[in-house]
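Survey of secondary and tertiary structure
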Amino acid sequence: MATAEFYLCDVAIDRSFSGRDARMEREQAQAVHDLLESNTFIPVGHGGGPYRLKIATVDGRLILHISEHQGTHVVSHHLSLAPFRRLFKDYARVCETYHDTVRRFGTERLEAIDMGRRAIHNEAAELLRERLAAKIGLDTDTARRLFTLISLLQMGKQQLRGFLT
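A few points on the structure. Keep in mind the model is a prediction, meaning the values are calculated, not measured.

Observations concerning helix H3 (residues 111–132)
Along its 22 residues, H3 runs 31 Å from first to last C-alpha, staying within 8% of the 32 Å computed at 1.5 Å per residue. Burial in H3 covers these residues: Ile 113, Asp 114, Ile 120, His 121, Ala 124, Ala 125, Leu 127, Leu 128 and Leu 132. An end-on view of H3 places all buried positions within 165° of arc, on one side of the element. Pointing more than 90 degrees away from the buried face of H3 are the exposed residues Glu 111, Ala 112 and Glu 130.

Right, dumping it as structure tokens:
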């Protein structure tokens, strides 16, 4: 008998907005690569994957569309992003500081900034795991990478709002 597989084999991000910069595209590609390289993704009550995940946000809600590898829809989960607002702002700020520091001073001044970024990632990953626990089982590294992707999606939408206003 085959063992059930509980992992993501594909991740897609909502592309209904524009205004993203090349740096964000690279960060997204790296996060997707890292996520697909190693992850634990267990939709509660489903017999096994592998799974495809589409991440979107609509009206302040995270939407996770989950399907089987062949494309058969499994479930869609909607999650309020309100508890993550402070973390999104802090993460965006620390990422900008990180990139500014690299441009101005090189890599020698990054240790403290990187520690702050990791702390935000850890807090956000734990919150994401808690908020999804009844719906999806995630390990910490998977939750961290998903938070990165969700943050990039939010940053892209913020850039578009800033461009339009």
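Thoughts on the pattern of salt bridges
Following the criterion strictly, the structure yields six salt bridges and no others. The closest approach of N and O atoms between Arg 86 and Asp 90, which form a salt bridge, is 3.1 Å. Here Asp 90 and Arg 86 lie together in helix H2 (residues 85–105), a separation of four residues that amounts to about one turn. Linking Arg 117 and Asp 114 is a salt bridge whose minimum nitrogen-to-oxygen distance equals 2.4 Å. With Arg 117 and Asp 114 both in helix H3, this residue pair falls three residues apart, about one helical turn. A network of salt bridges, in which partner residues are shared, links Arg 86, Asp 90, Arg 93 and Glu 123.

So, unusual backbone geometry
Of the consecutive residues Gly 49 and Pro 50, the connecting peptide bond is found in the cis state with omega at 15°. Its location among the elements puts Pro 50 in the loop between strand E2 (41–43) and strand E3 (51–58). The phi dihedral of Asp 59 falls on the positive side, at around 50°, and the residue is not glycine. Note on placement: Asp 59 falls in the loop between E3 and strand E4 (61–68).

Rules used throughout
Residues numbered from 1 in each chain as written. Predicted model: local features only at pLDDT ≥ 70, side-chain atom pairs only at ≥ 80, totals over all residues. Heavy atoms only, no water. Helix = DSSP H or I, 4+ residues; strand = E, 2+ residues; numbered from the N terminus. Expected span 1.5 Å × (residues − 1). Buried < 20%, exposed > 50% of the residue type's maximum accessible area, 1.4 Å probe, protein only. Arc of directions from axis to C-beta. Salt bridge = Lys/Arg side-chain N within 4 Å of Asp/Glu carboxyl O.

Distances and angles like these do not, on their own, reveal function.
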